[in-house]
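# Observations on the three-dimensional arrangement
Okay, here's what each chain looks like letter by letter:
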Amino acid sequence: MNAEAKAIAELAGVRGPLAGTLVLEICGEEPSGSLGTQILADLGATVFKIERLPEKDVPAFDPPAEGKPLRRDVAFFCGLNRNKRSICLDLKHDKGRAVFHSLARVADVVYDNYRPGVTARLGADYATLKALNPNIICCSVTGFGHTGPWSHLPGYDATILALGGGMSITSSGRPGSPPVRWGNPIGGIGGALYAVVGILAALRWRRVGRRGGAWLDISMLDTQLAMHAYRVPPALDGKVYLPEPRRGGIGSVPYGPFKCGDGRWFVVGVTSQFWEAACRVLGHPEWIDDPRFATQEQRQANEDLVNSLVAEAMLTRSSDEWQELFVGAQIPAGKVTVISEAFRHPHVALRDMLVGFKDGTFGDRVKVAGDPIKMSGYPFEGVESPPGFGEHTAVILKSVLNLPEEECARLRAERVAWWPLQGKVYERPSVV
Amino acid sequence: MQEHEPPIAAEAQRPLTGIRVIDISTYIAGPFGSDILGYLGAEVIRVDPPPAAPPMPLRRKGEPVSEAEGRIWALQRNKRSICLDLKKNDGRTVFYDLVRKTDIVFDNLRPGVLERLRIDYETLRTINPRIICCSVTGFGSHGPWAKVAAYDIAVQALSGAMAFTGNGDGIPCRWGVPVGDITASLYAVMGVFAALEDRDRTGSGQRLDISMLDCQLALHSFRVPQTFASGIEFSAPSPRRGGAGAVPYGPFACGDGAWVVIGVASNFWRPFCKAIGAPVLADDERFRSLESRQKNQAELDALLEAHFLRDSAGSWEERLMASGVPVGKVRTIREAFEQPQAVARQMSVTFVAPGGQEVRTAASPIRFAGENSFPHIPPSSRGADTERVLAELLRYSPERLRDLRAAGAIDAGAA
């Protein structure tokens, strides 16, 4: 392994199957970009977050005292940037672009989430980078993709969800109530998840297929369409899907939220195989053989009645009691929790799904969600704090690009590159 | 660490050409993932218990595609299908023979079932140390809830997401798309790629343990530190406010009864007002800045509600798109596939069903720019490939196949 490859591998946040893979992230802060590169970093890739220079020198981060709340924007950043490195470079400056191009020569992946045309203006598009590194894999995540009549349009999560068809099947079901978007930004998240699958495929194809690089063109709208999966053949044949807040995807009834005696909501998912058990748990074994409900077709035909009877029964106990009873009977069901409760689930700690940082600035005081890709070969070893703004600029210039100390200082003086002179900085110009 | 040469597959036509997957998954959380693996070039062999199904029925003109058919065409494409009884010794022996020639075993059975059938990772690795086993379950392989069955709706509720999804009328909503199933599939596919990468370096396989609940929790990404370190509880949905606080935002009813969704971040406020024919709003003191729009949101929303009723959703969409302001009419699934951008991106794939009628499914959103998409393979009926797979791949003789059939260990359906 040469010195440069060694330096790249050593800059990874954690050990993992993607060790030695260098990813350059040139993204805004939305999950469509930063969540994707965070997954790659969790898998052991070395991720350099290329960030814009601050307009003026910014103060070092002053972590809040124990028990005091962390600023919302810093918390946001913590949730999407662990295990990464940060380098501040002015890509609009010729010299900054030259530094970026030197990094692209040794990189495997360049991941962007800008509107079409922006990377070309910055000299960070596939055509430019391929000329420097024929094996480069570029991945662009955009609202609508790089082709087609709407490719130039901006997409926000809510508008993508409207156009993608998902909102037309989501609602509380009250007459006239507006369509609902998912609380989490699944437009951007869907883009990021498919981008990672595409990047992993391209990395493998390059290695095993002995081909060069590729450009992945991931559209958030496309990903929303793909997720309709099994509903697509009937829908494109004329079936109109409407929101079915109390019916399952394959027609199960009852399936949805019901209010409990403690005022909390509880969802049940009673497919045919669980109907009898559910009747017993609900305290109404007589429903099992009731000709109005005995089969799924009958339950569908008498849906309102089933739901009103179930609703009445659910009021007789608290959500926690129901949780215990339904789990005991092995019926899929769950209390509608808020995030702080959700992470108290008995599995969360066992599965390292709520973790602090193993180092420095934030340590165990700031918790983030764990990595859901559990591999037997890589037991959990902790996650590293998200990088300070420009924290790794100097080390990257020196160890990966082999630039002498004076040259690095000159780049900083000329405002081509930047790093804080003391402390860590979490004041970023572009954070949401 | 021993260095291994990657397998020779010069001219691999797809990223997973040369990789074989045994798929013992059902419902959505598994098959959605193995469909992606098949599309990317893996040879996916779906294993179902007997009996085999009759060949795909003829589709008659005008006969609607049923939900059951929808699941077959959308989730069982890009796969071959064999029927094997894993509860019989003979069936299990066939499975072990397959495992010797397989890279990945992909399942979404409940924890404990694999062990009972003696096809768990610890057993299979003694047969093939390079095997990668990927299990998708509701709650993961161990812990007090490991054996509890989960449906999409249960993990959507338990993860916390339903608490902040809704109209604001107090009733929690689940996302209509089964995001609990689907994101687990996507993370499983990532894990499979990572394990293949690792195997080429180390020579050994490993086990992937993907939990639907874990995946939902992971999607909370930025909300987790905001909850646990900033003290924000995400409990009330904000249907009319963007994630970063943008106002106006969300769905507005239009004159034709359809809904249009807008997302007006500050940089779009002025073009938005102009595009909807209300330029005076832009400089109205009550709404000029984001802070003032947030402060006077009720007033602004009411004003816009009345305004949007003056025209159809399609017309508002056209005007806002022409001005480059984020907008979208709430489309049904069919409309979503038939809008110009989806058509230009070729987001549907057409199969010809027996009898000549067409069935359309979603295309893969994984696009290599400037390169052709890969063709999709139509689904086989259940068990249709049993004899061919066993004869070609395992070199079973016709006599052996006959014996297995007689013992009920395999079923290939009607000859």
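Residue numbers run consecutively from 1 along every chain, following the written order of its sequence. The naming scheme follows written order: chains are lettered A onward, ligands numbered 1 onward. Only residues with pLDDT of 70 or above have their local features reported here, since the model is predicted, and side-chain atom pairs are shown and tallied only from 80 upward, although totals for entire chains, interfaces and linings are computed over all residues. Values reported for side chains reflect all heavy atoms of the structure, with hydrogen atoms and water molecules removed beforehand.

A few words now on the packing of helix α1 (residues 31–39) of chain B against helix α7 (residues 179–202) of chain B. Residue and element names in this part refer to chain B. α7 packs onto α1 with a crossing angle of 40° between their chain directions and a minimal axis gap of 8 Å. The pairing of α1 with α7 is recorded here as oblique in orientation. Note on packing geometry: the crossing formed by α1 with α7 is right-handed. Seen from α1, the contacting residues are Phe-32, Gly-33, Ile-36 and Leu-37; seen from α7, they are Ile-182, Ser-185, Leu-186, Val-189 and Val-192. The residue classification treats Ala, Val, Leu, Ile, Met, Phe, Trp, Tyr, Cys and Pro as nonpolar and Asp, Glu, Lys and Arg as charged. All others, Gly included, are polar. Grouping the constituent residues of the contact of α1 with α7 by class yields 7 nonpolar, 2 polar and no charged. Note on definitions: angles span 0 to 180 degrees between N-to-C directions of axes, and those axes are lines fitted to C-alpha atoms, for helices only across the stretch in contact. Helical segments are the DSSP runs of H or I of at least four residues, strand segments are the runs of E of at least two, and each set is numbered from the N terminus. Any angle from 65 to 115 degrees is called roughly perpendicular, while one under 35 is roughly parallel, one over 145 is roughly antiparallel, and all others are oblique. A clockwise turn of the near helix away from the far one marks a right-handed crossing, whereas an anticlockwise turn of less than a right angle marks a left-handed crossing. The criterion used for residue contact is that any of the two residues' heavy atoms lie within 4.5 Å.

A few words on the pairing of strand β4 (residues 104–107) of chain B. The side chains of a regular strand alternate between both faces of the sheet. Residue and element names in this part refer to chain B. Burial of the side chains of β4 extends over both faces: Ile-104 and Phe-106 are buried on one face and Val-105 and Asp-107 on the other. In terms of strand pairing, strand β1 (residues 20–24) meets β4 through 4 bridges, oriented parallel. Residue pairing in the sheet places Ile-24 in a bridge with Asp-107 of β4. Strand direction decides the pairing type here: β4 and strand β5 (residues 132–137), joined by 4 bridges, are parallel. Each residue of the ladder has a partner; that of Ile-104, found in β5, is Ile-132. For the exposure calls, accessible area comes from a 1.4 Å probe over protein chains only, and a residue counts as buried if that area is under 20% of its type's maximum, exposed if over 50%, partly exposed in between. Two strands pair under a simple rule: DSSP has to find at least two bridges between them.

You can read the domains of chain A as domain 1 (3–227 + 355–418) and domain 2 (255–344). Look at where the C-alpha atoms of domain 1 of chain A and domain 2 of chain A centre, and you get two points 42 Å apart. Residue ranges for the domains originate in an automatic or database domain assignment.

This brings us to empty space enclosed by the protein. Residues are called lining when one of their atoms sits within 4 Å of a cavity or pocket point, these points coming from a 1 Å grid over the protein atoms alone, where a cavity is a set in which a 1.4 Å probe fits but cannot get out and a pocket is an open set with protein on both sides within 12 Å along at least five of seven lines. Grid points are joined across faces, edges and corners, and a volume is the space filled by probe spheres set on the points. Taken as a whole and assessed by the stated rule, the structure comprises 3 cavities of 30 Å³ or more. Taken as a whole, the largest cavity holds about 140 Å³ of empty space. Forming the walls of the largest cavity are 16 residues, and the residues nearest its centre are Tyr-194 of chain A together with Asp-35, Ile-36, Arg-77 and Ser-364 of chain B. The element contributing the most residues to the lining of the largest cavity is α1 of chain B, with 4 residues. Partitioning the lining of the largest cavity into residue classes produces 12 nonpolar, 2 polar and 2 charged. The computed volume of the second largest cavity comes to approximately 90 Å³. In terms of lining residues, the second largest cavity is bounded by 14 residues, among which Leu-35, Gln-38, Arg-82 and Gly-370 of chain A together with Ala-218 of chain B are the most central. When residues of the lining of the second largest cavity are traced back to their parent elements, those giving at least two are α2 (31–42) and β11 (368–369) of chain A. A per-element tally of the lining of the second largest cavity places α2 of chain A first, with 4 residues. When its residues are assigned to classes, the lining of the second largest cavity shows 7 nonpolar, 4 polar and 3 charged.

A word on the sheet that holds strand β8 (residues 265–269) of chain A. All names here are of chain A. Read across the sheet, 3 strands follow the order β7-β8-β9 without closing on themselves; strand pairing throughout is antiparallel. Each edge of the open sheet is held by one strand with a lone partner, namely β7 (255–259) and β9 (333–335). In this sheet, neighbouring strand axes are inclined to one another by 20° on average, regardless of whether the strands run parallel or antiparallel. Both β8 and β9 contribute to a ladder of 3 bridges, which runs antiparallel. Counterpart to Val-267 in the pairing with β9 is Gly-334. Packing against the sheet, helix α13 (residues 303–314) makes contact with β7 and β8, and its axis sits at approximately 45° to β7. Against the sheet, helix α14 (residues 319–328) touches β8 and β9, its axis set at about 155° to β9.

Every contact between the two is made by 151 residues of chain A and, on the other side, 160 residues of chain B. Contact between chain A and chain B buries roughly 13,300 Å² in total, counting both sides, with carbon and sulfur atoms accounting for 67%. Whenever Lys or Arg places a side-chain nitrogen within 4 Å of a carboxyl oxygen from Asp or Glu, that contact is recorded as a salt bridge. On the surface where chain A and chain B come into contact, there are 8 salt bridges. Close ionic contact of Asp-200 of chain B with Arg-204 of chain A constitutes a salt bridge, the shortest N to O distance being 3.5 Å. By the criterion applied in these results, polar contacts are pairs of N or O atoms within 3.5 Å in which, for protein atoms, one can donate a hydrogen and the other can accept it, and in which residues neighboring in sequence qualify only through two side-chain atoms. At the junction of chain A and chain B, the tally comes to 56 residue pairs in polar contact (both at pLDDT 80 or more). Buried area: the accessible surface (1.4 Å probe) lost by two parts on joining, summed over both.

So, on to the packing of aromatic side chains. The geometry of two aromatic rings is summed up by the distance between their centres and the angle between their planes. Each aromatic pair joins two rings of Phe, Tyr and Trp (for Trp, the six-membered one) with centres within 6.5 Å, and gets the label stacked for planes under 30 degrees apart, edge-to-face for over 60, and tilted for any other angle. Under the counting rule described, the total for this entry stands at 28 aromatic pairs over all chains. For the ring pair Phe-252 of chain B and Phe-308 of chain B, a centre distance of 5.3 Å and an interplane angle of 35° mean the geometry is tilted. You can see Phe-252 of chain B sitting in strand β7 (residues 249–253) and its partner Phe-308 of chain B sitting in helix α13 (residues 297–308), a full 56 residues away along the chain. With relative accessibility at 0%, the residue Phe-252 of chain B sits in the buried group. Taken together, Phe-61, Phe-77, Phe-357, Phe-362 and Tyr-426 of chain A form an aromatic cluster joined through their ring pairs. Geometrically, a lysine NZ or arginine CZ counts as sitting over a ring once it is within 6 Å of the ring centre and also within 35 degrees of the ring normal. Here the basic side chain of Lys-239 of chain A rests over the ring of Tyr-241 of chain A, its NZ or CZ set 5.0 Å away from the ring centre.

Bringing the sheet that holds β7 of chain B into the picture now. All names here are of chain B. In spatial order, the strands read β7-β8-β9; together these 3 strands make up an open sheet with antiparallel pairing. Looking at strand neighbours, the two that pair on one side only are β7 and β9 (327–329), the edges of this open sheet. Shown here is a sheet whose adjacent strand axes are inclined to one another by a mean of 20°, direction ignored. Looking at chain direction, β7 and strand β8 (residues 259–263) are connected through 5 bridges and run antiparallel. Its bridge partner lying in β8, Gly-250 is registered against Ile-262. Along the sheet, α13 contacts β7 and β8; its crossing angle with β7, the most-contacted strand, is approximately 45°. Seen against the sheet, helix α14 (residues 313–322) touches β8 and β9 and runs at an angle of roughly 160° to β9.

Attention shifts here to the pattern of salt bridges. Should their charged atoms come close, side chains of opposite charge can pair. The final tally for this structure, using the stated rule, is 53 salt bridges over all chains. A salt bridge links Lys-95 of chain A to Glu-414 of chain A, with the shortest nitrogen-to-oxygen separation between them at 2.7 Å. Of this pair, Lys-95 of chain A sits in helix α4 (residues 94–106) while Glu-414 of chain A sits in the loop between α18 (405–413) and β12 (417–418); the two residues are 319 residues apart in sequence, bridging distant segments of the chain. Taking the relative accessible area as the measure of exposure, Lys-95 of chain A reaches 34% and is therefore partly exposed. By relative accessible area, Glu-414 of chain A is classed as partly exposed at 31%. For Arg-207 of chain A, the salt bridge is made with Asp-200 of chain B, and the minimal N-O distance between the two is 2.9 Å. Here Arg-207 of chain A is found in helix α8 (residues 186–208), whereas its partner Asp-200 of chain B is found in helix α7 on a different chain. Note on Arg-207 of chain A: relative accessible area 26%, which makes it partly exposed. When salt bridges with common partners are traced through the structure, they connect Glu-25, Glu-29, Lys-49 and Lys-84 of chain A into a single cluster.

Another point: α2 of chain A. Judged by how many residues are buried, α2 of chain A sits mostly within the fold: 12 of 12 residues are covered. Of the residues making up α2 of chain A, those classed as buried are Pro-31, Ser-32, Gly-33, Ser-34, Leu-35, Gly-36, Thr-37, Gln-38, Ile-39, Leu-40, Ala-41 and Asp-42 of chain A.

The next point concerns the domain arrangement of chain B. Domain boundaries in chain B define domain 1 (20–219 + 351–411) and domain 2 (249–338). Each of domain 1 of chain B and domain 2 of chain B has a C-alpha centre, and the two are 43 Å apart.

On to the environment of Leu-132 of chain A, then. Residues and elements named next belong to chain A. Looking at where Leu-132 falls in the secondary structure, it is placed in helix α6 (residues 126–132). Sequence spacing of Leu-132 and Gln-330 is 198 residues, and the spatial spacing of their C-alpha atoms is 57 Å. The residues touching Leu-132, leaving out its near neighbours within four places in the chain, are His-101 and Arg-105.

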